[in-house]
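Structural characterization, general
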Amino acid sequence: MNVGIAVHRYDAGEGTGGYVVELLPHIARRHRVTLYAAEVRAPVPEGVEVVRVPAVMRRAYAAILSFPLALRAVRRAHDLFHAQGWVTSRADVVTAHIVLAAWRRAARDAGIAAPPGERWLGPFVEAREAALLRHAGQVIAPSNLARDQIASHYGRTQDVSVVPHGFPPIEPRSESVDTLRRRFGLPETVPLALYAGDVRKGLRTALAGLRAAAGWHLAVASHSSPRATELMMEDGDLHGRVHWLGAVGDMRSLYQAADLLVHPTICDSFGLVVAEAMACGTPAVTTRQAGIAELIRHEQSGWILAAPEPGALAVAMNALVDGNRRRRLAEGAMAVAAQRTWDAVAAETLAVYERAARR
């Protein structure tokens, strides 16, 4: 088949882009592929044609709104077109990396203020995403949670396949924890948890849980504004125990420097930061609101909170001060990561392609 795949950024360090980076070589072995992207920041497999999409990428909502129009101008005819979320108004296959209606409701329920772009344009984008997911030939959901969100918010129940994301390859730690922590300017002799990603998903809960978790420090790696973290910390003195790192390029080393990943998310279709930590042998605490929780066995390959609640997080952190307990979770996490490879993801995705082609 002649396959078109569209994504905002083809970038191994960005969630949706990283999904395409992992998947593309597998698809290109079987089919002729054209990659549509506004930015290409990773090597492209041999034989894959790249078409640059002239979208405005400086701000998030500028990219979201301009990409579909820009794609329309350069898009060619294909036997099958695979869209990564709302990047076009029509596609044969759509991977729902986020269900915007579910995220916006979760944020409202949690009292999280939307940024101006989302406040003004969110309803429009949500409506366009709903239309795409209702009318696409096949939809890929990265979890049962996401599949259920698509059904409840957008009414799509047929031809929705659950294909969980793959895990990164497992690599043994090549440097000592002390060496890794010194590299990031982190304390060497304390229990260290890590929060990674958008601070709106769960940092407030992580900070509240930290107050009741004796001895723990928290490193924060995020593209979000550091001012957001400062505002969350104003109601308690945690400055000596919270270490803001900003955006970090070498996340694998940072995962390996930490004793624990805390991801008390309010809403995640999957939760790639949890998958990355597990593959690094760093045990993770997350919630049932993350799709990846479906792959984790509580207290065997991770720690699952019923809800993003500070008290429950503190209980988990206090229990996981025990290094032996953390090691058991780490072993279980790496076993899960070894089982869910990108080879499996590609095979299941190609099966979805076949169903779309038959239609």
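Check the entry above for the structure.
Anyway, here's the lowdown on the structure attached to this text. Keep in mind the model is a prediction, meaning the values are calculated, not measured. (Residues numbered from 1 in each chain as written. Predicted model: local features only at pLDDT ≥ 70, side-chain atom pairs only at ≥ 80, totals over all residues. Heavy atoms only, no water.)

Looking at the side chain of Ser66
Position of Ser66 relative to the elements: it lies in helix α2 (residues 60-74). For Ser66, the side chain forms a polar contact with the main-chain nitrogen of Val56, separated by 2.9 Å. The contacts of Ser66, once residues within four sequence positions are left out, are Ala55 and Val56. (Helix = DSSP H or I, 4+ residues; strand = E, 2+ residues; numbered from the N terminus. Polar contact = N/O pair within 3.5 Å; in protein donor to acceptor, adjacent residues only side chain to side chain. Contact = heavy atoms within 4.5 Å.)

A look at the environment of Gly311
Within the fold, Gly311 resides in helix α11 (residues 310-319). A relative accessible area of 35% means that Gly311 is categorised as partly exposed. Sequence separation between Gly311 and Leu210 is 101 residues; the distance between their C-alpha atoms is 9.4 Å. (Buried < 20%, exposed > 50% of the residue type's maximum accessible area, 1.4 Å probe, protein only.)

Concerning the packing of aromatic side chains
The tally for this structure, following the rule as stated, stands at three aromatic pairs. Ring geometry for Tyr19 versus Trp342: centroids 5.8 Å apart, planes at 70 degrees, classification edge-to-face. Of this pair, Tyr19 sits in helix α1 (residues 15-30) while Trp342 sits in helix α13 (residues 342-358), and the two are 323 residues apart along the sequence. A relative accessible area of 3% means that Tyr19 is categorised as buried. Of the residues examined, Trp342 reaches a relative accessible area of 9% and is grouped as buried. Between Trp86 and Phe124, the ring centres sit 6.2 Å apart and the planes meet at 85 degrees, which makes this aromatic pair edge-to-face. Residue Trp86 is found in the loop between β4 (80-84) and β5 (93-95), and its partner Phe124 is found in helix α4 (residues 116-135); the two are separated by 38 residues along the sequence. Here Arg75 stacks its cationic end above the ring of Phe81, 3.7 Å away from the centre of that ring. (Phe/Tyr/Trp six-rings, centres within 6.5 Å; stacked < 30°, edge-to-face > 60°. Lys NZ or Arg CZ within 6 Å of the ring centre and 35° of its normal.)

A closer look at the environment of Ala73
Examined against the element boundaries, Ala73 turns out to sit in helix α2. With relative accessibility at 66%, the residue Ala73 sits in the exposed group. Placed 20 residues apart in sequence, Ala73 and Val53 show a C-alpha to C-alpha distance of 8.4 Å.

What to know about unusual backbone geometry
Notably, Asp159 is not glycine yet its phi reads approximately 55 degrees, a positive angle. Inspection of the secondary structure puts Asp159 in the loop between α5 (144-154) and β7 (160-162). When its relative accessible area of 35% is taken as the criterion, Asp159 is described as partly exposed. Even without being a glycine, Glu299 presents a positive backbone phi close to 65 degrees. By the secondary structure assignment, Glu299 is in the loop between β12 (284-287) and β13 (303-305).

Remarks on the sheet that holds strand β3 (residues 49-52)
Paired through their backbone hydrogen bonds, the strands of a sheet run either parallel or antiparallel. On the basis of which strands lie adjacent, the open sheet formed by seven strands has the order β3-β2-β1-β4-β5-β6-β7 and parallel pairing. For this open sheet the edge positions go to β3 and β7, each flanked by a neighbour on one side alone. Going across the sheet, the axis of each strand differs from the next one's by a mean of 20 degrees, ignoring polarity. (Pairing = 2+ DSSP bridges. Axes fitted to C-alpha atoms, helices over the stretch in contact; angles between N-to-C directions.)

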